[in-house]
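# Secondary and tertiary structure notes
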Amino acid sequence: VQLQASGGGSVQAGDSLRLSCTASGRTISNIAVGWFRQAPGKEREFVAVISRSGSTRLHADSLRERFAISRDNGKNTVYLQMDSLKPDDTAIYYCAGKTDGTVLGYPYRDRYDAWGQGTKVTVSS
């Protein structure tokens, strides 16, 4: 499966963005999808994950109040809604697929089988 992240951009603090992750080569409905982000000079960190069915959604503790993952399998897309953005949210955001369809091991990058190329989000104060 090949994943493509999109929807990033440059926004002001307090604004919202919705990122999209689409799949090719395999329908996205067959995989669990996670979002990670990597800020300049920092390690890539877990943001959120959603199971194949959408019944399980997990978010990083520090982001759960502002970020929400969802999926529309009919549109072959997983979304990351980001509200009340802060300058600390500035990063490249990546979506990643788990072909087992579960969220087991979700925070760990090596549990994901496929990665998109990333979309850049810049939040200015």
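Coordinates for the structure precede this section.
Heads up: these notes are all about the structure in this document.

Criteria and thresholds
Residues numbered from 1 in each chain as written. Predicted model: local features only at pLDDT ≥ 70, side-chain atom pairs only at ≥ 80, totals over all residues. Heavy atoms only, no water. Helix = DSSP H or I, 4+ residues; strand = E, 2+ residues; numbered from the N terminus. Rg over C-alpha atoms; globule rule 2.2 N^0.38 Å. Buried < 20%, exposed > 50% of the residue type's maximum accessible area, 1.4 Å probe, protein only. Areas by Shrake-Rupley, 256 points an atom, 1.4 Å probe, with all protein chains shown as cover. Lys, Arg positive; Asp, Glu negative; His and termini not counted. Charge placed at Lys NZ, Arg CZ, Asp CG, Glu CD. Core = buried A, V, L, I, M, F, W, Y, C linked by side-chain atoms within 4.5 Å. Disulfide = S-S within 2.5 Å. Salt bridge = Lys/Arg side-chain N within 4 Å of Asp/Glu carboxyl O. Pairing = 2+ DSSP bridges.

We now examine the overall build of the protein. What the protein contains, in helices and strands, is 0 helices and 11 strands. Element order for the protein, N to C, with α for helix and β for strand: β-β-β-β-β-β-β-β-β-β-β. For the protein, the C-alpha radius of gyration of 13 Å lies close to 14 Å, the compact-globule estimate for 125 residues. Dimensions of the protein, computed from the C-alpha atoms along their principal axes, are close to 40 × 25 × 25 Å. Here the protein holds 125 residues, and the buried ones make up 45% of them. As displayed, the protein offers around 6200 Å² of accessible surface, 43% of which is attributable to carbon and sulfur atoms. Averaging the positions of the 16 positive and the 12 negative side-chain charges in the protein gives two centres separated by 4 Å.

Take the nonpolar core next. Formed by 34 residues in total, the largest nonpolar core has its most connected members in W35, L80, M82 and Y93. Of all the elements in the fold, those that place two or more residues in this core are β1 (2-6), β3 (17-24), β4 (32-38), β5 (45-50), β7 (67-72), β8 (77-82), β9 (91-98) and β11 (119-124).

So, about the state of the cysteines. What the rule picks out here adds up to 1 disulfide. Two residues, C21 and C95, share a disulfide whose sulfurs are 2.2 Å apart. With the S-S bond torsion at 75 degrees, the cross-link from C21 to C95 turns out right-handed. Of the two residues, C21 is situated in strand β3 and C95 in strand β9; the sequence distance between them amounts to 74 residues. For the residue pair C21 and C95, the accessibility class agrees, reading buried in each case.

Next up on the list: the pattern of salt bridges. In total, this model carries 6 salt bridges according to the counting rule given. In this structure, D89 and R37 form a salt bridge, with 2.9 Å as the shortest nitrogen-oxygen distance. You can see D89 sitting in the loop between β8 and β9 and its partner R37 sitting in strand β4, a full 52 residues away along the chain. Comparing D89 with R37 shows no difference in burial state: the two are buried. For the salt bridge of D89 with R66, the shortest nitrogen-to-oxygen distance reads 2.8 Å. Of this pair, D89 sits in the loop between β8 and β9 while R66 sits in the loop between β6 (57-59) and β7, and the two are 23 residues apart along the sequence. As far as burial versus exposure is concerned, D89 and R66 are alike and both buried.

Further remarks concern the pairing of β11. Of the two faces of β11, only one is covered, namely that formed by T119, V121 and V123; the face formed by K120, T122 and S124 stays uncovered. As paired elements, strand β2 (residues 9-12) and β11 share 4 bridges and run parallel to each other. Residue pairing in the sheet places S10 in a bridge with T122 of β11.

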